[in-house]
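# Architecture and fold: a report
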Amino acid sequence: IMSAVALDILPLKLHSFSQSTPTGLDCVGWKRHISSPVIADAALDKTALTDDVGSEEDLYEDFRSSNHRYGHPGGGGEQLAINELISDGSVVYAEALWDHVTMDDQELGFKAGDVIEVMDATNKEWWWGRILDSEGWFPASFVRLRVNQDEPMEDYPLKVEGDKEDDSSSGTRRFGMGQTTKDQMRTNVINEIISTERDYIKHLKDICEGYIKQCRKRADMFTEEQLKTIFGNIEDIYRCQKKFVKALEKKFNKDHPHLSEVGSCFLEYQTEFQIYSEYCNNHPNACMELSRLTKVNKYVYFFEACRLLQKMIDISLDGFLLTPVQKICKYPLQLAELLKYTNPQHRDFKDVEAALNAMKNVARLINERKRRLENIDKIAQWQSSIEDWEGEDVLVRSSELIYSGELTKISHPQAKSQQRMFFLFDHQLVCCKKDLLRRDILYYKSRINMDDMEILDVEDGKDKDFNISVKNAFKLHCRDTEEVHLFCAKKPEQKQRWLKAFENERRQVQLDQETGFSITEVQKKQAMLNASKQHHTGKPKAVTRPYYDFLMRQKHPTLPTTLPQQQVFMLAEPKRKPSNFWQNISRLTPFRK
């Protein structure tokens with residue numbers, strides 16, 4: 001697993017910091033030294049890809065013993081650079097790529113797009129940061145360092161009183177060859193976009209030629225179905241990105257980068273970028289298949305041999321396969337920063353503005369799927385904590401908790417009232433009863449199929465169907481059987497929240513049908529299996545991945561002891577400590593009781 005920051009800072013080309021490096025980090029003086037042997041194609045076929053099962057292991061050991069390193073020298077050079085700046089009194093800012101929701105008071109929570117002051121980057125995976133008056137640990141893979149580190153927090157440009165230019169403090173001060181500070185900032189962002197696109201193309205090429213091409217030569221190890229599962233449609237993404245980067249380079253003004261007009265490129269390719277949806281949908285399956293294969297040494301050595309022969313940086317295959325997910329989520333951040341330094345009079349302004357909205361929509365769909373995939377594990381954990389569960393699993397039909405709360409249910413024939421906890425998922429409403437002594441224990445009682453129901457608002461007063469007086473009530477009416485369920489909330493606002501939740505449930509079902517969203521059977525079964533193991537052992541499932549072991553070996557006295565979260569988009573996220581899902585149920589819902 002790789003750090004998103006490592007991908008942003010470390011160019012894949014063999015040179016010192018590129019123009020995409022955040023301003024200030026290129027002054028540290030860290031240089032790369034590399035000695036790379038040349039390996040002919042013939043050697044590749046004869047040594048690495050023979051039919052001998054042990055050949056990959058032999059090659060791997062040969063390369064290890066020869067002390068050759070590819071890509072970056074390791075040792076956390078980028079962390080050293082960041083910490084040197086911090087120790088010198090410089091302020092280093094990072095932008096959040098994803099939401100970081102935390103239940104640990106030592107971790108720093110934030111939302112995608114938030115700006116974080118990095119205060120300590122000593123540890124490779126967890127950094128210490130601050131937002132306003134809140135401080136805490138956060139996963140480095142959740143952020144990218146800001147391109148313009150010397151930019152103050154307030155927006156540029158600063159207003160100049162009396163139309164006079166102030167060289168020391170004005171936002172329109174000159175920079176180099178007659179450029180204003182804002183022009184230079186735009187130059188930095190343009191350079192980062194161009195540079196990171198080129199590096200990304202190198203990543204994709206390495207995956208396609210370094211891994212897929214070699215895997216296809218080993219029909220004894222991989223079926224086409226396995227390769228489709230592991231790599232998804234990444235070859236289609238590679239072809240798309242090659243065309244995209246050529247379009248960007250045509251619009252790139254090498255002499256005056258700030259005059260480049262790149263917004264139209266994003267608009268032109270916004271439809272083609274939708275192929276990322278298929279890749280992201282498949283990514284969890286890829287992680288599970290890789291996890292299964294890498295339990296066998298033969299595959300571990302084969303994948304490592306592929307990486308070494310392609311001269312790729314020291315990141316595992318699952319880390320490389322995460323790059324498309326990270327890339328598509330980073331475009332809105334880059335475009336937002338570009339728009340910030342683009343004058344409204346600039347010919348690129350309207351296109352950049354439109355491109356930002358377009359890429360936000362693409363990223364929003366992907367982030368929504370990421371959130372939904374996280375939820376299926378939490379739903380599985382919740383179900384495993386419910387006593388006396390009957391019938392099919394919640395995940396058979398549902399993948400989203402819409403709302404939850406306590407209601408009074410009134411039943412025929414004697415209008416018997418019962419206080420129950422209800423959990424509204426897409427397609428179904430689950431009813432549970434609290435234990436009389438231990439209120440944290442829930443017992444399964446029943447469920448209602450929401451696909452057959454219509455919601456009826458009931459006025460306060462006597463209800464003719466049940467012949468009783470009700471307040472804050474509503475009904476669920478089955479269209480097929482004419483069965484009616486009557487519910488009462490304690491307060492009027494609670495009733496309105498439930499009515500709104502039922503609307504949201506139908507809207508979610510319709511949206512899932514329109515977008516073709518679904519959870520695979522493999523993902524459902526895996527979620528329930530993981531939840532079952534946690535429920536029986538009372539602790540998280542053992543994780544054997546080398547990266548996870550590395551994280552747990554860190555001896556920082558206050559480093560979070562949480563494990564990285566499960567393998568999907570989740571690859572980049574920290575694993576939470578196990579907890580009873582229903583106690584934190586409100587975290588998943590758009591309302592609070």
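As the structure is a computational prediction, the values presented were derived from the model and not from experiment. (Residues numbered from 1 in each chain as written. Predicted model: local features only at pLDDT ≥ 70, side-chain atom pairs only at ≥ 80, totals over all residues. Heavy atoms only, no water.)

## Notes on the overall build of the protein
Heads up, the rule is: Helix and strand assignments follow DSSP, with helices taken as H or I runs no shorter than four residues and strands as E runs no shorter than two, numbered in order from the N terminus. Only protein chains enter the accessibility calculation, which uses a 1.4 Å probe; a residue is then buried when its area is under 20% of its type maximum, exposed when over 50%, and partly exposed in between. Contacts are assigned to residue pairs that have any heavy atoms within 4.5 Å of one another. Residue exposure ignores everything except the shown protein chains as possible cover, and the areas themselves are Shrake-Rupley values with a 1.4 Å probe.
What the protein contains, in helices and strands, is 15 helices and 16 strands. Looking at the protein as a whole, 53% of its 593 residues qualify as buried. Long-range pairs, those at least 24 residues apart, make up 66% of the contacts in the protein between residues at least 6 apart in sequence. Summed over all atoms, the accessible surface of the protein reaches about 28,400 Å², with 48% contributed by carbon and sulfur.

## Description of the sheet that holds strand β11 (residues 442-449)
Going by this rule: In this analysis, strands are considered paired if DSSP registers two or more bridges between them. The angle between two axes is taken between their N-to-C directions and runs from 0 to 180 degrees, where each axis is a line fitted to C-alpha atoms and a helix contributes only its stretch in contact.
In spatial order, the strands read β11-β10-β9-β8-β16-β15-β12; together these seven strands make up an open sheet with antiparallel pairing. Every other strand in the sheet has two partners, leaving β11 and β12 (453-458) as the edge strands with one partner each. Averaged over all neighbouring strand pairs, the angle between strand axes comes to 35°, with direction disregarded. Of the pairings in the sheet, the one linking strand β8 (residues 401-411) to strand β16 (residues 484-488) comprises three bridges and is antiparallel in character. Paired with Lys-409 across the two strands is Phe-487, which belongs to β16. Lying over the sheet, helix α12 (residues 349-385) contacts β8, β9 (416-425), β10 (428-434) and β11, oriented at roughly 150° with respect to β9. The strands touched by helix α13 (residues 492-515) are β8, β9, β10, β12 and β15 (473-478); relative to β8, the strand with the most contacts, the crossing angle is about 125°.

## Focus: the pairing of strand β2 (residues 115-120)
Pairing of strand β1 (residues 92-96) with β2, which is carried by four bridges, proceeds in the antiparallel orientation. Across the sheet, residue Tyr-93 finds its bridge partner in β2, namely Glu-117. Where β2 meets strand β3 (residues 126-131), three bridges bridge the pair, whose relative direction is antiparallel. Looking at β3, one finds that Val-118 is bridged to Gly-129. From the end of β2 to the start of β3, which pair antiparallel, there are five residues.

## Points about the pairing of β15
Summarising burial for β15: six of the six residues are buried, a large majority. Burial along β15 is two-sided: the face carrying Ala-473, Lys-475 and His-477 and the face carrying Phe-474, Leu-476 and Cys-478 are both buried. Two elements, β12 and β15, share six bridges in a ladder whose sense is antiparallel. When the bridges of β15 are listed, Glu-454 appears paired with His-477. A loop of five residues connects β15 with β16, the two strands running antiparallel in sequence, and Glu-482 in this loop sits at a positive phi of about 65°.

## A look at the sheet that holds strand β5 (residues 143-145)
Adjacent strands of a sheet form backbone hydrogen bonds with each other and so pair up, either parallel or antiparallel. In spatial order, the strands read β4-β3-β2-β1-β5; together these five strands make up an open sheet with antiparallel pairing. Either end of the sheet is taken by a strand with one partner, and the two such strands are β4 (134-139) and β5. On average, each strand axis in the sheet is tilted by 45° relative to the strand beside it, whichever way the strands run. Sheet strands touched by helix α11 (residues 317-340): β1 and β5. Its angle to β5, the strand with the most contacts, is close to 35°.

## As for the pattern of salt bridges
Put simply, the rule reads: We define a salt bridge as a contact between a side-chain nitrogen of Lys or Arg and a carboxyl oxygen of Asp or Glu at a distance within 4 Å.
What the rule picks out here adds up to 30 salt bridges. A single salt-bridge network, built from bridges that share partners, covers Glu-95, Arg-144, Glu-192 and Glu-337.

## Some remarks on a positive patch on the surface
Stated formally: Any residue with relative accessible area above 30% and no salt bridge may belong to a patch, with like charges joined within 9 Å and the nonpolar Val, Leu, Ile, Met, Phe, Trp and Tyr side chains within 5 Å. Charge counting follows a simple rule: Lys and Arg are positive, Asp and Glu are negative, and His as well as the terminal groups are ignored. Where a charge lies is defined by one atom per residue type, namely NZ (Lys), CZ (Arg), CG (Asp) and CD (Glu).
A contiguous patch of positive charge, built from Lys-205, Lys-242, Lys-246 and Lys-250, is present on the exposed surface. Per-element accounting of the positive patch gives the leading share, three residues, to helix α7 (residues 234-251). In this structure, Lys-242 sits in helix α7. A residue is classified by how much of its surface remains accessible, and Lys-242, at 34% relative accessible area, is partly exposed.

## Points about the environment of Tyr-200
Within the element layout of this structure, Tyr-200 appears in helix α5 (residues 181-216). Classification of Tyr-200 by relative accessible area gives buried; the value is 4%. Considered as a pair, Tyr-200 and Lys-242 are 42 residues apart in the sequence and their alpha carbons are 9.7 Å apart.

## Notes on the nonpolar core
For the record, the criterion: In this description, a nonpolar core means a group of buried Ala, Val, Leu, Ile, Met, Phe, Trp, Tyr and Cys residues linked to one another through side-chain atoms lying within 4.5 Å. Delimitation of the domains relies on an automatic or database domain assignment.
Core analysis: the largest hydrophobic core is formed by 84 residues, its most contacted members being Val-118, Phe-231, Phe-266 and Phe-273. Here this core takes 13 residues from α5, the largest share from any one element. No fewer than three residues from each of domain 1 (76-145) and domain 2 (182-375) sit in this core. Residues within four places of Phe-266 in sequence aside, it is in contact with Ile-193, Phe-244, Leu-248, Phe-273, Tyr-331, Leu-335, Ala-355 and Met-359. Grouped together as the second largest cluster of nonpolar side chains are 22 residues, Ile-376, Ala-380, Val-394 and Phe-423 included.

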